[in-house]
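Understanding the architecture of this molecule
If you want the building blocks of each chain, they are given just below.
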Amino acid sequence: MSVEVRIDQGRIARALRARGGIAERALRRKTRRVAGIAERRAPGSMGDYVSWTIEEGPRGLQGVITCDHPAVLYVLDGTRPHVIRPRRAKALRFDMGGRTVFAKKVNHPGTRANNFLGDALREGR
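Here's a quick rundown of the structure.

Thresholds applied
Residues numbered from 1 in each chain as written. Predicted model: local features only at pLDDT ≥ 70, side-chain atom pairs only at ≥ 80, totals over all residues. Heavy atoms only, no water. Helix = DSSP H or I, 4+ residues; strand = E, 2+ residues; numbered from the N terminus. Polar contact = N/O pair within 3.5 Å; in protein donor to acceptor, adjacent residues only side chain to side chain. Contact = heavy atoms within 4.5 Å. Pairing = 2+ DSSP bridges. Buried < 20%, exposed > 50% of the residue type's maximum accessible area, 1.4 Å probe, protein only.

**Some details on the side chain of T31**
Within the secondary structure, T31 is located in helix α2 (residues 22-41). A distance of 2.7 Å separates a polar atom in the side chain of T31 from the backbone oxygen of L27. For T31, the residues in contact, after removing those within four places along its chain, are W52, T53, I54, G63, V64 and I65.

Next comes the structure, spelled out in structure tokens:
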């Protein structure tokens, strides 16, 4: 008795890359895990704006993590020291030490960059 086995590499590759296949399930698990890390590392309420999807890319499926908070670029890149002036009013108003304070301008010291998305990717590997 003889047995012959033929392996069709193209068929195996298509099965691995297919929607719902082994590769997609693993990619979905990893992308979900990295997005969870990014949500926890994001400052303030920015984690509520983190979302993820699995998309078809030029080389097959890819996991995409997005943060669409309006200030995300300022957090990721940081800011230089700058002056803040009122736009629609004559003065800025804020609370300081339990008192309401008014100012015509404020010197903001800037912020350090916080690349929470890149950190989540490195931690999730």
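**Topic: the pairing of strand β2 (residues 60-67)**
One ladder, built from 8 bridges, connects strand β1 (residues 50-57) with β2; its direction is antiparallel. Following the sheet pairing, G57 is matched in β2 by G60. Between β1 and the antiparallel strand that follows it, β2, lie 2 residues.

**Regarding helix α4 (residues 116-124)**
Along α4, the residues that are buried comprise F116, G118, A120 and G124. Residues of α4 that are buried make contact with α2, β1, β2 and α3 (72-77).

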